[in-house]
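# Structural characterization, general
What follows is each chain in one-letter form.
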Number of protein chains: 4
Amino acid sequence: MNHARPLPGYLVTRYHGWKATTYAENSAWYRRLASEGQRPRAMVISCCDSRVHVTSIFGADQGEFFIHRNIANLVPPYEPDGNQHGTSAAVEYAVTALKVSHLIVLGHSSCGGVKGCYDMCSGKAPALEEKSSFVGRWMDLLRPGFDRVSERGLSEEAATSALEKEAVLVSLENLMTFPFVREAVESEELSLHGLWTDIGEGGLQYFDPGTREFGPV
Amino acid sequence: MNHARPLPGYLVTRYHGWKATTYAENSAWYRRLASEGQRPRAMVISCCDSRVHVTSIFGADQGEFFIHRNIANLVPPYEPDGNQHGTSAAVEYAVTALKVSHLIVLGHSSCGGVKGCYDMCSGKAPALEEKSSFVGRWMDLLRPGFDRVSERGLSEEAATSALEKEAVLVSLENLMTFPFVREAVESEELSLHGLWTDIGEGGLQYFDPGTREFGPV
Amino acid sequence: MNHARPLPGYLVTRYHGWKATTYAENSAWYRRLASEGQRPRAMVISCCDSRVHVTSIFGADQGEFFIHRNIANLVPPYEPDGNQHGTSAAVEYAVTALKVSHLIVLGHSSCGGVKGCYDMCSGKAPALEEKSSFVGRWMDLLRPGFDRVSERGLSEEAATSALEKEAVLVSLENLMTFPFVREAVESEELSLHGLWTDIGEGGLQYFDPGTREFGPV
Amino acid sequence: MNHARPLPGYLVTRYHGWKATTYAENSAWYRRLASEGQRPRAMVISCCDSRVHVTSIFGADQGEFFIHRNIANLVPPYEPDGNQHGTSAAVEYAVTALKVSHLIVLGHSSCGGVKGCYDMCSGKAPALEEKSSFVGRWMDLLRPGFDRVSERGLSEEAATSALEKEAVLVSLENLMTFPFVREAVESEELSLHGLWTDIGEGGLQYFDPGTREFGPV
């Protein structure tokens, strides 16, 4: 790897500041986390988007959440075909090895991946249809959600927002196709949660299986 | 989705605290991020491990880092085969759509995924060799790193630690197999960085291509 | 301009060092800032004093803060009389063109401008009262602050320190006389912040509108 | 001031990091700066632009540079009319009270203020011509530079870049209209320097009075 470069100086400076304060104040806990291993209460699956900070929203500290982040917080269906499935590996590790008690899927407003899916499925983004588009192929996972949304005759803005919430629901549905997830859910060792956050307004909604709607927490 | 459950109350409480404080103090910025879109300076690829908090270490706030997290911070090689590649999709989006200037791969000590890889490749974890093991198949990505480490005749503890750093290097190598990454690196629009953090001691090392070693930042 | 001289050698040397290190590590980001334009999150108004380094205190890098520095971090009241108002121009540009989310006024200890104001208003610096004194006329902006402080019967040392904080408050008050500032504040697109730093002790206080006092951050 | 808000938490965190590292390492020097007063070697006049960091470029620490920053690094001509002249006050303080040895005017590429001046003087920005435009009235200072540039028959891009350098020269010329500046220059107690930096490329040029051109330092 001749291409790696030193870390930009402003990050080095900030790191040293963290070391001298946050680390110093918590070193006993960090050492214990290192020696005894992690024991997170929840797994969170959220988007890579730089505007989504699940640790900030929930005041979480090191050791609390096992976090997988991918484009549009999607979980593929169970497919044990021997190929590489990074998201499925993360879910498997969290549920079978770490035995987390909660699995939270967190969607968000203004999601670029969901917008790309909407455009692709509406025929407005042919480049995303190409075999070589990693984003396009990844967003194929959300096609079932698009189909459900497109039946509702919404405006483009409302449809995109609805599709962001479908990304949460599709992931929750796909999670239940994993035998180890279903088993943990049915034995009440694991509970699933669907959330959606509004970045600009700082809002947080959860999926209520009773009403089958998202509503404020 | 009849299986979704309301959010645990302690998280609801913390969220409302965040809304009344951190959100309130930053609402103008969050609204602007929502209306104008994100413009992160860097993409970070780190592990899902609950003990790794890149935003904390670097004093980063919402909008600064586009973050992908998977088991053992691995990037697969470029493989545009039409299948779902969540990590490749995240890299593609960051480099081609967001045009981030830095791509940081952050490994860490006590990595469970790396330990699993070590055990699997040493013949001590046959379950991980099974086709149906998502973690095993994902950790196959690190086999080239295991081969390099095993030539060095290290103790198990030293070998596992070396393998954590190999996870960073393998990812950096694989990143360069993506045409759009290579092009951005060669035109100096993107720089790659390899880091490894010691959870218990709060240490941070970077890969220096001159010495071909990791050393303190 | 026959009077311009080449840059002193020690600065040329340091510049070349910066170019080979900091610039080289961040060139991708600097190029992006150049091609896409700045998008700072905050405007900071601080003193010209060589001992005040807002970027250092806040670990800020290029692109984060739009910074105006003048004597005693003062903002004049809104006065659209067609004359040159450099501070008002900077505020106008930051709020209406760049749409910054935060506007921070940072005062500091041992402020020479504030001390001059105190002496002038106490009758001890007649030279500053002269029409031709640019510093004196500039410090006239702080006379309302002096009046408030002088009612409190403080020692000279305490009064000077109080006047440094009044410089922050007078500026915040005057900022609200600008229609575009008031509008942005009232629509919650902009928030104002008053700070004061102690140079020798490295302290940082903020104005709390609840208690109407400055207290440690 | 009921409108002031607490400082955003990420800045508070970074400040505490600075306090525990940079401040702690330099506290003896900062305390001496506080007790003995500043004694800067140079005054720098640069733009408010968030991409211009003179302390970074020159590796300057607290106490080295007395820095005034305004839109487009402009100095108005000497005008002792009893009105408020923030830039003139800063120059007066630096030269007569602090007796700095160098006065550096630093222009830069992609300057929004200079671009506004170019558009205004070309008849393309009528809003900037209005009496109530603080930016427009401030940029009036650069009209003599526009006149000189417009005689050269350059493309818009080349003309804007040339105007950025004129902003430096106009400021240097105006500085010499201040009696205390002229006197200090003529007695060789003060030297003036004109610089221009290219943000994207990290370049630095100085005005050479011999060739009457800007060239690399």
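Residues numbered from 1 in each chain as written. Chains lettered and ligands numbered in written order. Predicted model: local features only at pLDDT ≥ 70, side-chain atom pairs only at ≥ 80, totals over all residues. Heavy atoms only, no water.

Labelled according to an unreviewed UniProt entry, chain A appears under the name Carbonic anhydrase, originating from Roseivivax halotolerans. The UniProt entry for chain A carries this comment under Function (unreviewed entry): "Reversible hydration of carbon dioxide." On record in UniProt, under Sequence similarities (unreviewed entry), the comment for chain A is "Belongs to the beta-class carbonic anhydrase family." (UniProt positions renumbered as here; feature names shortened; annotations may be inferred.)

### Quick word on the side chain of His102(D)
In this fold, His102(D) is placed in strand β3 (residues 102-108). When its relative accessible area of 12% is taken as the criterion, His102(D) is described as buried. Looking at His102(D), its side chain comes within polar contact range of the side chain of Ser191(D), at 3.1 Å. Those residues in contact with His102(D) that sit more than four places away from it in its chain are Pro8(C), Arg41(D), Ala42(D), Met43(D), Leu190(D), Ser191(D) and His193(D). (Helix = DSSP H or I, 4+ residues; strand = E, 2+ residues; numbered from the N terminus. Buried < 20%, exposed > 50% of the residue type's maximum accessible area, 1.4 Å probe, protein only. Polar contact = N/O pair within 3.5 Å; in protein donor to acceptor, adjacent residues only side chain to side chain. Contact = heavy atoms within 4.5 Å.)

### Comments concerning the UniProt feature "binding site: Zn(2+)" (unreviewed entry) in chain A
As recorded in UniProt, the sites labelled "binding site: Zn(2+)" (unreviewed entry) are Cys47(A), Asp49(A), His108(A) and Cys111(A). These residues run over 65 residues, yet every pair of their C-alpha atoms falls within 9.0 Å of each other. Position of Asp49(A) relative to the elements: it lies in the loop between β1 (42-47) and α2 (54-57). Residue class for Asp49(A) comes out buried when judged on its relative accessible area of 2%. Once residues within four sequence positions are removed from consideration, Asp49(A) is found in contact with Arg69(A), His108(A), Ser110(A), Gln38(B) and Phe66(B). Along the chain, the position of Cys111(A) falls in the loop between β3 (102-108) and α4 (112-121).

### Description of the domain arrangement of chain A
Interfaces are often sized by the amount of accessible area the parts lose when they come together. Residues and elements named next belong to chain A. Under the domain assignment used here, chain A contains domain 1 (1-37) and domain 2 (38-216). The C-alpha-based centres of domain 1 and domain 2 are spaced at 29 Å. Tallying the contact residues gives 6 residues for domain 1 and 5 residues for domain 2. Both faces considered, domain 1 and domain 2 share a buried interface measuring about 390 Å² in area, 46% of it formed by carbon and sulfur atoms. In terms of surface lost to domain 2, no three residues of domain 1 exceed Tyr30, Leu33 and Gly37, which account for 73% of the buried area on that side. There are 0 salt bridges connecting domain 1 and domain 2. (Domains from an automatic or database assignment. Buried area = accessible area lost by both parts, 1.4 Å probe. Salt bridge = Lys/Arg side-chain N within 4 Å of Asp/Glu carboxyl O.)

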